[in-house]
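Secondary and tertiary structure notes
The residues making up each chain are set out below.
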Amino acid sequence: VDVFQAWCGPCKPVVNLFQKIRNDVGSNLLHFAVAEADSIDALEKYRGQCEPVFLFYTRGELVAVVRGANALLLQKTILKQL
């Protein structure tokens, strides 16, 4: 989940990375979503930050968090969680 705020929007530079990884590993294994922190109470702790935050869930449980648009770290985290 790409957590963003309305004033800065979702992290567009990593969209291509996510699409590439999803194509490489298969579309059934990965699901990507975006969530506006300002409108979801459960994401309150991510408000007021100017860096993107990526939350990784497995079976509804938060398993990893990556702060910032670090493509290498995002890819490594995704592949590790698979």
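Just so it is clear, the structure is predicted and the values come from calculations on it, not from any experiment. (Residues numbered from 1 in each chain as written. Predicted model: local features only at pLDDT ≥ 70, side-chain atom pairs only at ≥ 80, totals over all residues. Heavy atoms only, no water.)

A closer look at the overall build of the protein chain
Applied cut-off: Runs of E in the DSSP output that reach at least two residues are strands. Runs of H or I that reach at least four are helices, and both are numbered from the N terminus. Under the scheme applied here, a residue whose accessible area is under 20% of the maximum for its type counts as buried, over 50% as exposed, and between as partly exposed, the area being computed with a 1.4 Å probe on protein chains only. Here, residues are in contact when the closest pair of their heavy atoms is within 4.5 Å. In short, Shrake-Rupley with a 1.4 Å probe defines the accessible areas, and a residue's cover is counted only from the protein chains shown. His is not counted here, nor are the chain ends, while Lys and Arg score as positive and Asp and Glu score as negative. Charge coordinates come from a single atom per side chain, which is NZ of Lys, CZ of Arg, CG of Asp or CD of Glu.
Counting secondary structure elements, the protein chain contains 2 helices and 4 strands. Mapped in sequence order, the helices and strands of the protein chain form the string β-α-β-β-β-α. Evaluated residue by residue, the protein chain yields a buried proportion of 30% over its 82 residues. Expressed as a percentage of contacts within the protein chain between residues at least 6 apart in sequence, the contacts between residues at least 24 apart total 50%. Here the protein chain displays about 5500 Å² of accessible surface, and carbon together with sulfur accounts for 52% of that area. Distance between charge centroids for the protein chain: 9 Å, based on 9 positive and 8 negative side chains.

Structural notes on the packing of helix α1 (residues 15–25) against helix α2 (residues 71–81)
In plain terms, the rule: Angular values range over 0 to 180 degrees, each being the angle between N-to-C directions of two axes fitted as lines to C-alpha atoms, with helices fitted over their stretch in contact. In these notes the angle categories are as follows: under 35 degrees is roughly parallel, over 145 is roughly antiparallel, 65 to 115 is roughly perpendicular, and the rest is oblique. Helix crossings fall into two classes, left-handed where the near helix is turned counterclockwise from the far one by less than a right angle and right-handed where it is turned clockwise. Residues were grouped as follows: Ala, Val, Leu, Ile, Met, Phe, Trp, Tyr, Cys and Pro as nonpolar; Asp, Glu, Lys and Arg as charged; and all remaining residues, including Gly, as polar.
Contact geometry for α1 and α2: axes closest at 11 Å, N-to-C directions at 30 degrees. With respect to α2, the element α1 is oriented roughly parallel. Like other packed secondary-structure pairs, α1 and α2 cross with a definite hand, here right-handed. Contacts from Leu17, Phe18, Ile21 and Val25 of α1 reach α2 at Ala71, Leu74, Gln75, Ile78 and Leu79. Counted by class, the contact of α1 with α2 contains 8 nonpolar, 1 polar and no charged residues.

Regarding α1
What counts here: It is the directions from the helix axis to the C-beta atoms whose arc is reported.
What α1 keeps buried is the set Leu17, Phe18 and Ile21. Projected down its long axis, α1 carries its buried residues within an arc of 100 degrees, all on one side. Those residues of α1 that are exposed and aimed more than 90 degrees away from the buried face are Asn16 and Asn23. At its buried positions, α1 is contacted by β3 (53–58) and α2.

Limitation: the analysis is restricted to geometry and does not speak to function.
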